[in-house]
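Chain by chain, the residues:
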Amino acid sequence: MKPGIHPSYGPVVFRDKAADFAFLTRSTLTSERTVEWEDGNTYPVVDVEISSASHPFYTGTARVLDTAGRVERFERRYGSREGR
């Protein structure tokens, strides 16, 4: 890697306030706000709107869309192309 052209890469805490969940990882993101982590050290914290703790796919609350029902409803409303 060329020196001086890459952002600094260090530990950052990502916090999902909706799920009251946080994890420590390494990233190039940084923040002025800090948080004291479980190990007693202070790290920059980045608040996120959604994470694996609150995303419907990962929590098992995802809904399956009924695409066949939508097509049938569309055809009832506007007619099908077969009759043309």
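Above this note sits the structure.
Notes on the structure in this doc start here. The model shown is predicted, which means the values in this text are computed figures rather than measured ones. (Residues numbered from 1 in each chain as written. Predicted model: local features only at pLDDT ≥ 70, side-chain atom pairs only at ≥ 80, totals over all residues. Heavy atoms only, no water.)

### Quick look at the packing of aromatic side chains
Link 1 in the chain: Taken as a whole, this structure holds three aromatic pairs when the rule is applied.
Link 2 in the chain: Centroid distance Phe 21 to Phe 23: 5.9 Å. Interplanar angle 40 degrees. Geometry classified as tilted.
Link 3 in the chain: The interplanar angle of 50 degrees and the centroid separation of 4.9 Å between the aromatic rings of Phe 74 and Tyr 78 together place this pair among those described as tilted. Note that Phe 74 and Tyr 78 are positioned in helix α2 (residues 67–78) at a spacing of four residues, about one turn of the helix.
Link 4 in the chain: Classification of Tyr 78 by relative accessible area gives exposed; the value is 52%.
Link 5 in the chain: Of the aromatic side chains, those joined through ring pairs into one cluster are Phe 14, Phe 21 and Phe 23. (Phe/Tyr/Trp six-rings, centres within 6.5 Å; stacked < 30°, edge-to-face > 60°. Helix = DSSP H or I, 4+ residues; strand = E, 2+ residues; numbered from the N terminus. Buried < 20%, exposed > 50% of the residue type's maximum accessible area, 1.4 Å probe, protein only.)

### Here we look at the pattern of salt bridges
Link 1 in the chain: Throughout the structure, instances matching the rule amount to three salt bridges.
Link 2 in the chain: Between Asp 47 and Lys 17 there is a salt bridge, with the nearest N and O atoms lying 3.9 Å from each other. Linking Asp 47 in strand β4 (residues 42–48) with Lys 17 in the loop between β1 (10–16) and β2 (21–27), this pair joins segments that are 30 residues apart in sequence.
Link 3 in the chain: Measuring nitrogen to oxygen at the nearest pair gives 2.7 Å for the salt bridge that ties Asp 47 to Arg 33. With Asp 47 in strand β4 and Arg 33 in the loop between β2 and β3 (34–36), this residue pair connects regions lying 14 residues apart in the sequence. (Salt bridge = Lys/Arg side-chain N within 4 Å of Asp/Glu carboxyl O.)

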